[in-house]
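# Fold and geometry: a report
Spelled out, the chains give:
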Amino acid sequence: MNAIAPAAGKVWALQVGGMSCASCVAHVEKALLKVSGVSSASVNLASETATVTAAPEVGFAVLAEAVEKAGYTVRRDTLTLDIEGMSCAACVGRVERVLRRVPGVIDANVNLAAHRATIQTIGKVPVASLVASIAKAGFGARPSAEVSEDRRAADAAAERAQLQRAVWIAALLTLPVFVLEMGSHLIPGMHDWVMHHIGHRESQWLQFVLTSAVLFGPGLRFFKKGVPALLRGAPDMNALVAMGTSAAWGYSVVATFLPGVLPEGTVNVYYEAAAVIVTLILIGRLLEARARGRTSEAIQRLMRIQPRTARVVRDAPPAELPIEQIVVGDILDVRPGDKIAVDGEVTEGTSFVDESMITGEPLPVEKSTGSRVVGGTLNSRGAFRFRATQVGGDTVLAQIIHMVEAAQGAKLPIQALVDKVTMVFVPVVMGVALLTFLIWLVSGPAPALSFALVNAVAVLIVACPCAMGLATPTSIMVATGRAAQLGILFRQGNALQLLRDAGVVALDKTGTLTLGRPTLTDLDTTDGFSRNQVLALIAAVERRSEHPIAEAIVAAAAATGLELDEADGFEASAGYGVRAIVGGRRVEIGADRLMQQLGLDLGVFAATAERLGDEGKSPLYAAIDGRLAAIIAVADPLKPTSVEAVRALHAMGLKVAMITGDNARTAQAIARQAGIDEVIAQVLPDGKVAALQQLRQQATRRVAFVGDGINDAPALAEADVGIAIGTGTDVAIESADVVLMSGDLKGVARAIALSRATMRNIRQNLFWAFAYNTALIPLAAGVFYPAYGALLSPVFAAAAMSMSSVFVLGNALRLRYFDAREA
């Protein structure tokens, strides 16, 4: 927990992981003391804590980076709170400020669109203290973990229903006010009809009653939130609306009941402005709530794809149990058309499973004994049973939901500008409104007081910063949800922005560009031998070997459906090959030197061997009964989609590089097949980081790295954006910023295209939000009145303010229809 020492500065207590001895303690202390501004550092091995005294400007991130560079970890806890009562960017800023003041909190990010705060802490910070700090700022909070998605959806539906009732009541009460006041200006004869049938004073009294009912009925929410915020010295959108409408209403009340106190010529009422402003803003909030609900549809859809129950085989016949009761090791029965409840491994039966909801790949995947199945996927046809291996929060689906929620709560670097502006925006607007009032009052035309009031109210209403607060988070929420549907998971929200700037995509070869397993690619025979005959004989021999090449040959024979005889007298000669007797026939398989030892002429395969060499494959030969029978090549072939994926990256203007441990000739051959621009070959596992640094020095833009293995983890962490193939290892996935749930490399191009579309969408939103205020605040203040006679009515200001938020939300929702084929 962090605290302030009276004289020495700030004291940090860091939880350090990975220490095992006194030497580790010394390393951590040394690393911390090297940080500029640190005056002392003491590390306790038993409690795994580092107590650091540093200058106030030294932040947690700097200290954590120093420890992590030394090879250790600094533990952070993350929790999320659902926030109630936020309405604009000023609310976001206030909640973040109060949370960051709580001892132990490192950082807090608040998402206006999701109404959620993501809080990073050192150690365990009591949730009650976080909730209390938020309550003091005028908002409600509760731990997100305590709120089910169904409850969240029900609360959102209740909010929309409440807003809809408020809109109808406000509209019905406002309509007569609008007709009575504005009808006299717009409809010929209306003024005379009102004067004759209702009367001037009676009309004002009626407007007073109806407008008061609007303001202190449906509009009371603005005063309940806005007035306390104003009194705390932290005004928000509600405060601006409350001030604007109460100013129009209060002036009208004085004009109605105490007209004598106003200067001659200024006795006018503006009830219709106050009533219409409240009604229009309520309409805007209703539209905003409906649109905001659609931004989280992706999460809700992910929640719905997991079944509620499953057939579990324990004692007797399978019993239908809630998925909460399934434990690791249970055997589950799956029938055609069933959804798979949890993750597991098939124990009996075969089928095809539709995994598109997880991987984004449309074709069903064949499953048989030993195959892995994922919870939430759909069994197409066939029946099987599987053993549960991950349940509850450990399933792939639960982790996907967690990753998407984390990404949706993140803030992009571009949001920093918005945060700086919104921190001072509302107070500045209030200052502009006051200045507008004074200038019009002093130098405006008659009736100056009326002009001053109307224009000041217009400034207050038009400048509410709702659109600014929604511009970035709504786009992030929709984009990350759409990405999940395409099988792309952004583990780090800022990867959405960083990927847009990628200029080089570096690819690992094995398992990323290639299938990751040796496969028999070539088998050409000499006259007198058939392919299946030779394959059956050499596979029978290789079945006795554990070499990966042998496994590939045996797998090819099995795929062809060949029956293999037993091999006798198996011998292996290092550097030469293997031999055995199969069905009474002598079979020898090995390199060219073995054939030469046997005195066989390889000239018949000279052209084939040269071609295989150009393709980066090392040829092997087979001799049967002392005769040359075949040339064989085993290689790790490109994935079917790799060439297309590289072509798509080139079409996007990206340079593609390959980093591999293979020899240069093999690497160049693979690169030629795939169309790769640059090859860095013969790289040891620990050399991939250096290779990336080399690429970064050459590039003018960011470098993304795509990998799948344990040895790719350091490179994934080093790259500006690390992209892990989801079929790879957990270590690689944990080190990455983006995860492709399928092994299809085309997902890289899709992720980059979605990143570009998202940033384009955010820039459009921010342009609209800032341009709207830049253009309309001067108009509302009356800057253009002397030259053009142009003023902005408070009614139109309210409509424009509401529509600005709706526009931003509507624009962000377009990302729901992002087409993967655009990549």
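Residues numbered from 1 in each chain as written. Predicted model: local features only at pLDDT ≥ 70, side-chain atom pairs only at ≥ 80, totals over all residues. Heavy atoms only, no water.

Going by the annotation in an unreviewed UniProt entry, the name recorded for the protein is P-type Cu(+) transporter, with Parazoarcus communis SWub3 = DSM 12120 given as the source organism. Within the UniProt record for the protein, the comment given under Catalytic activity (unreviewed entry) is "Cu(+)(in) + ATP + H2O = Cu(+)(out) + ADP + phosphate + H(+)". (UniProt positions renumbered as here; feature names shortened; annotations may be inferred.)

On to the pairing of strand 3 (residues 38–44), then. Across six bridges, the pairing between strand 3 and strand 4 (residues 49–54) is antiparallel. Of the residues in strand 4, the one forming a bridge with Ser42 is Thr51. (Pairing = 2+ DSSP bridges. Helix = DSSP H or I, 4+ residues; strand = E, 2+ residues; numbered from the N terminus.)

Under the definition given, this model contains 25 salt bridges. Residue Arg311 is joined to Asp333 by a salt bridge in which the shortest nitrogen-to-oxygen separation is 3.6 Å. On the criterion of sequence distance, the pair formed by Arg311 in strand 10 (residues 309–313) and Asp333 in strand 12 (residues 331–334) is long-range, its members being 22 residues apart. Here Arg311 matches Asp333 in class, with each residue buried. Connected via shared salt-bridge partners are Arg311, Asp333, Arg335, Asp338 and Arg385. (Salt bridge = Lys/Arg side-chain N within 4 Å of Asp/Glu carboxyl O. Buried < 20%, exposed > 50% of the residue type's maximum accessible area, 1.4 Å probe, protein only.)

A word on the UniProt feature "domain: HMA" (unreviewed entry) in the protein. The UniProt entry lists residues 10–75 and 77–142 under the feature "domain: HMA" (unreviewed entry), expressed in the numbering used here. Helix makes up 33% of residues 10–75 and strand 35%, with an end-to-end C-alpha separation of 19 Å. Between the C-alpha atoms that bound residues 77–142 there is a distance of 17 Å. The span itself is 33% helix and 36% strand.

This part takes up the sheet that holds strand 14 (residues 351–354). One open sheet accounts for three strands, arranged 15-14-17; its pairing is antiparallel. Both edges of this open sheet fall to strand 15 (365–367) and strand 17 (378–381), since each of them pairs with a single strand only. With direction set aside, neighbouring strand axes in the sheet form an average angle of 45 degrees. Inspection of the sheet shows strand 14 paired to strand 17 by three bridges, in the antiparallel sense. When the sheet's bridge partners are listed, Phe352 is paired in strand 17 with Arg381. (Axes fitted to C-alpha atoms, helices over the stretch in contact; angles between N-to-C directions.)

Attention now moves to the side chain of Ser351. If you trace the backbone, Ser351 turns up in strand 14. Judged by its relative accessible area of 3%, Ser351 falls in the buried class. A distance of 2.4 Å separates polar atoms of two side chains, one belonging to Ser351 and the other to Asn379. Setting aside anything within four residues of it in sequence, one finds Ser351 in contact with Val365, Glu366, Lys367, Asn379, Arg381, Gly382 and Phe384. (Polar contact = N/O pair within 3.5 Å; in protein donor to acceptor, adjacent residues only side chain to side chain. Contact = heavy atoms within 4.5 Å.)

Strand order in this open sheet of six strands is 11-10-12-18-13-16, and the pairing throughout is antiparallel. Bordering the open sheet on either side are strand 11 (319–322) and strand 16 (372–373), each of which pairs with just one other strand. Across six bridges, the pairing between strand 13 (residues 343–349) and strand 18 (residues 384–390) is antiparallel. Across the sheet, the residue bridging to Gly349 is Phe384, located in strand 18.

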